[in-house]
Protein chains: 2
Amino acid sequence: MKSPNFNDVLDAKLRIEPYIHHTPVLTSRSLNEITGNELFFKCENFQRAGAFKFRGASNSVFSLTEAEAKRGVATHSSGNHAQALALAAKIRGIPAYVVMPKNSKKVKIDAVLGYGAEVIFCEPNLASREETLDKVVQQTNAVFIHPYNNNFVIAGQGTAALELLNHTPELDYIIAPVGGGGLLSGTSLTVRSVSDNTKVIAAEPEGADDAKRSLQSNQIVPSINPNTIADGLLTSLGTLTFELIKKYVQDIITVSDVYIIRAMRLIWERMKIVVEPSSAITLGLLLEKKIEIKNKRIGLILSGGNVDLDHLPWNM
Amino acid sequence: MKSPNFNDVLDAKLRIEPYIHHTPVLTSRSLNEITGNELFFKCENFQRAGAFKFRGASNSVFSLTEAEAKRGVATHSSGNHAQALALAAKIRGIPAYVVMPKNSKKVKIDAVLGYGAEVIFCEPNLASREETLDKVVQQTNAVFIHPYNNNFVIAGQGTAALELLNHTPELDYIIAPVGGGGLLSGTSLTVRSVSDNTKVIAAEPEGADDAKRSLQSNQIVPSINPNTIADGLLTSLGTLTFELIKKYVQDIITVSDVYIIRAMRLIWERMKIVVEPSSAITLGLLLEKKIEIKNKRIGLILSGGNVDLDHLPWNM
């Protein structure tokens, strides 16, 4: 399969326009002072279903033909993609089947059920996930929508950076988190086409640095036993996302959990918004200062805001 | 002293325009569904220094003559007014003296110090507060800016409702919290002058219901041993705020802490914004349903977002 191109992002923009939120770009005097840069936060924590994932999910769902749509959609996810796909399917009025590990948090299961999807439980390991998904697809004939290694998903995620650059041109950098690479590859696709002088930097948890090692070794290194507070960034790159990231991303910088948590708390305290660790890592990258960036205009993509308020990292 | 009028609010608007944030008005599909109304949240948690208090404080500070300003400003407050006044004074480049109880939280003291104010500690009781403030004013000749019983403060707070109604006309209700009554009286002043059909309803903690009892008995009932999670709403009404509230406020409804906390958590989870209990009480009023309001357009003033992230009410 060929990776998507920027036209796919433009198509996605038109397709999902009626359904998504145009999320705000916020600034913070005090975070500018602390980091010595001018920061522009693209607030996908305010996106529907609480994360950028709704962009890719709705682009996928509304790309289906009538015949495909009738069959419904299926995925395996315990996170934001599950909620996003369930909501997109609900809006189109088609079934959604979500395979979730049976030890998933109740709040996450309830959210998916709340959007009207059917939840099928599996054992908490990759083999059981894939096997269960295969069964569901065989039984229902639903269309599998991969959380990130899917051209419609990647193109949809690229619309966040497009909105950001339309709102705030002439950025020196855009920092995006990387897990499976859907957001990062979509972002890089957009940036390379609309803003020549903007560098794309990825923020990856130190304890889940498979993307960094993949770039270094020029082949996809699987994420094995990742260990980080950023629970949205545990997965390995996919073939499609890896191709784009190799071509268009300047650098992948790892961030330690200490700085992820510090950044998360700073964003809550200073900006008064709720973001999840996987979002805060972008600011964490600047705080940890493994690379020197000063006096630059920097866009940071805050990917989502779905957190368990009973278990905040600074209370653990 | 005569209470302020709507012209004072318009003057305040012009005066503080260069310094304040025009805070956004946010909406939430899921909170609309839960309450059965159309809600518009005026997000003063995004105001500078984290609360609407900066409106009144900056209106006071920038109303001073050059001669007065040189003397500096003083107040007693352990809360948002202290930070707001410190910031306003810093912007004008004049001294600020803040009397705080010596058992104030370190995070609050640090915030006031961070804005360059001088902090003078007192015993944690009203007599010591007032005595210490008197001494400070005698020694420094600074101008005392009362947290709410001050015409410039009241007029400044009234600008939040003005922005809200400019952005979102034809509201059936505006709900504002009431503590000392600065925000509530300023809001009511604005609403009565620009939006005939909008009712102003106050939300007051059940465990600090002195304002409700003041209205009932037609005299200011002092707040004695208040007990509520809404730590910004502990104070008694002032003479100026009471006059306006008597004239212009339709009703004061008490809200139990259970519903304040429930509302706070809902706002964090669904809207992905950080608000303090004293803000969340406005939504709590609708959740608790002591009065029946359905299918209405309702503005809710979210007063601030300064919370101690180490001590969230649902973790206590």
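Residues numbered from 1 in each chain as written. Chains lettered and ligands numbered in written order. Predicted model: local features only at pLDDT ≥ 70, side-chain atom pairs only at ≥ 80, totals over all residues. Heavy atoms only, no water.

A. Layout of the interface of chain A and chain B. Taken residue by residue, the interface counts 21 residues in chain A and 20 residues in chain B. Counting across the interface, chain A meets chain B through 2 salt bridges. Arg265 of chain B is the partner of Asp310 of chain A in a salt bridge, and the nearest nitrogen-oxygen pair spans 2.9 Å. At the surface where chain A touches chain B, the tally comes to 10 residue pairs in polar contact (both at pLDDT 80 or more). Grouping the amino acids of the side of chain A that touches chain B by side-chain chemistry returns 8 nonpolar, 6 polar and 7 charged. (Contact = heavy atoms within 4.5 Å. Salt bridge = Lys/Arg side-chain N within 4 Å of Asp/Glu carboxyl O. Polar contact = N/O pair within 3.5 Å; in protein donor to acceptor, adjacent residues only side chain to side chain. Nonpolar A, V, L, I, M, F, W, Y, C, P; charged D, E, K, R; others polar.)

B. Highlighting the packing of aromatic side chains. Applying the stated criterion across every chain yields a total of 5 aromatic pairs over all chains. Between Trp268 of chain A and Trp314 of chain A, the ring centres sit 5.2 Å apart and the planes meet at 85°, which makes this aromatic pair edge-to-face. Of the two residues, Trp268 of chain A is situated in helix H12 (residues 257–271) and Trp314 of chain A in the segment after strand S10 (297–302); the sequence distance between them amounts to 46 residues. Summarising the burial analysis for this pair, Trp268 of chain A and Trp314 of chain A share the class buried. Centre to centre, the rings of Tyr19 of chain B and Phe62 of chain B are 4.0 Å apart; their planes meet at 10°, and the pair counts as stacked. Residue Tyr19 of chain B is found in the loop between helix H1 (6–16) and strand S1 (25–26), and its partner Phe62 of chain B is found in the loop between helix H3 (53–61) and helix H4 (66–71); the two are separated by 43 residues along the sequence. Judged by relative accessible area, Tyr19 of chain B falls into the partly exposed class, the value being 22%. Judged by its relative accessible area of 18%, Phe62 of chain B falls in the buried class. These aromatic residues form a ring-pair network of at least three members: Trp268 and Trp314 of chain A together with Trp268 and Trp314 of chain B. (Phe/Tyr/Trp six-rings, centres within 6.5 Å; stacked < 30°, edge-to-face > 60°. Helix = DSSP H or I, 4+ residues; strand = E, 2+ residues; numbered from the N terminus. Buried < 20%, exposed > 50% of the residue type's maximum accessible area, 1.4 Å probe, protein only.)

C. Summary view of the pattern of salt bridges. All names here are of chain A. Considering all chains together, one arrives at 28 salt bridges over all chains under this definition. Linking Lys13 and Glu17 is a salt bridge whose minimum nitrogen-to-oxygen distance equals 3.7 Å. Judged by relative accessible area, which is 23%, Lys13 ranks as partly exposed. Here Glu17 falls in the partly exposed class, since its relative accessible area comes to 33%. Ionic contacts of the salt-bridge type, sharing partners, join the residues Lys42, Glu44, Arg55 and Glu163 into one network.

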